[in-house]
Amino acid sequence: MSDIAPTELIRLANDEGNSVTVNVLGRDPRWSAGLEAEIVVTTSFVSGRVALALSASKLEDWSDALKRLDAGEDVAWMEMSRGPSVFIQLTGERECPEVVVEDESGSMVTVRVPLVPPDDWIADHQKRLHRVIDHWVPMLSA
């Protein structure tokens, strides 16, 4: 295993500069079973970030979401939890994949980012997830 902590759980981007990333920043100092993270949205029109708390169960939910995406289903990740939600629609409003980030409990802002990820993006994200789990989850207390 690498000595460098994996920080990029999600990176969905296209050649036009649109991207949605979820970055792990480290252990949450206020919650021993959590990780500090952030969702970062970048487009030529709007950019922003929102804080996010990740737990082992949210990482498991992301694993399930990746399996559903691989089966051709749209997904909602963290929809019923406090904090922001991420929705991935394989065919969005513009007939291409899009990521929707909602921060209803905080800023009450929703951002829809159309993008076409590379063909191997699901496999890449499964590897990212496993690296994050292998490194960070053993440090968390239940």
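Refer to the structure printed above.
Just so you know, these numbers come straight off a predicted model, no measurement behind them.

Peer 1: Help me out: how do you make sense of the pairing of strand β6 (residues 85-89) in this one?
Peer 2: Residues in a regular strand project their side chains so that they alternate between the two faces of the sheet. Counting buried residues in β6 gives four out of five residues, a clear majority hidden from the surface. Looking at chain direction, strand β5 (residues 75-77) and β6 are connected through three bridges and run antiparallel. Considered in β6, the bridge of Val75 is made with Ile88. Note: β6 against strand β7 (residues 98-103), five bridges, orientation antiparallel. From the neighbouring strand, Ser85 faces β7, where its bridge partner is Glu102.

Peer 1: What is the right way to look at helix α2 (residues 121-136) in this model?
Peer 2: Quick reminder: α-helices carry 3.6 residues per turn. Residues three or four places apart thus point the same way. With 16 residues, α2 should cover 22 Å at 1.5 Å per step; its first-to-last C-alpha distance of 22 Å lies within 8% of that length. Of the positions making up α2, those classed as buried are Trp121, Ile122, His125, Arg128, Leu129, Val132, His135 and Trp136. With its buried residues spanning 155° around the axis, α2 presents them on a single face. Buried positions along α2 lie against β1 (8-13), β2 (19-27), β3 (35-42), α1 (56-70) and β6.

Peer 1: For this particular structure, what's the right way to read the nonpolar core?
Peer 2: Among soluble globular proteins, nonpolar side chains are generally buried collectively. Of all hydrophobic cores here, the largest spans 34 residues; its most connected members are Leu9, Ile39, Leu54, Trp62, Trp77 and Ile88. When near neighbours in sequence (up to four residues on either side) are disregarded, Ile39 contacts Val20, Thr21, Val22, Gly48, Arg49, Val50, Leu52, Met78, Pro84, Val86 and Val101.

Peer 1: Looking at this model, I keep getting lost on the packing of aromatic side chains. Mind explaining?
Peer 2: The geometry of two aromatic rings is summed up by the distance between their centres and the angle between their planes. Summed over the entire model, instances satisfying the criterion amount to one aromatic pair. For the pair Trp62 and Trp77, a centre-to-centre distance of 5.0 Å together with 45° between the ring planes defines the contact as tilted. You can see Trp62 sitting in helix α1 and its partner Trp77 sitting in strand β5, a full 15 residues away along the chain.

Peer 1: Looking at this structure, how should I read the sheet that holds β1?
Peer 2: Across a sheet, paired strands are connected by hydrogen bonds in the backbone, their directions being either parallel or antiparallel. The four strands lie next to each other as β1-β2-β3-β4, forming an open sheet whose pairing is antiparallel. Edge strands, defined here as strands with exactly one partner in the open sheet, are β1 and β4 (47-54). Strand-to-strand twist of the sheet, defined as the mean angle between neighbouring strand axes without regard to direction, takes the value 20°. Strands β1, β2 and β3 of the sheet are contacted by α2, whose axis makes an angle of about 160° with β1.

Peer 1: Honestly, unusual backbone geometry in this entry has me stumped. Any pointers?
Peer 2: Glycine aside, negative phi is the norm for most residues, and most peptide bonds take the trans geometry. Phi angles above zero are rare outside glycine, and Met78 is one such case at about 70°. Locating Met78 in the fold gives a position in the loop between β5 and β6. A positive phi angle, close to 65°, is found at Glu95, a residue other than glycine. Positionally, Glu95 belongs in the loop between β6 and β7.

Criteria and thresholds
- Residues numbered from 1 in each chain as written.
- Predicted model: local features only at pLDDT ≥ 70, side-chain atom pairs only at ≥ 80, totals over all residues.
- Heavy atoms only, no water.
- Buried < 20%, exposed > 50% of the residue type's maximum accessible area, 1.4 Å probe, protein only.
- Helix = DSSP H or I, 4+ residues; strand = E, 2+ residues; numbered from the N terminus.
- Pairing = 2+ DSSP bridges.
- Expected span 1.5 Å × (residues − 1).
- Arc of directions from axis to C-beta.
- Contact = heavy atoms within 4.5 Å.
- Core = buried A, V, L, I, M, F, W, Y, C linked by side-chain atoms within 4.5 Å.
- Phe/Tyr/Trp six-rings, centres within 6.5 Å; stacked < 30°, edge-to-face > 60°.
- Axes fitted to C-alpha atoms, helices over the stretch in contact; angles between N-to-C directions.

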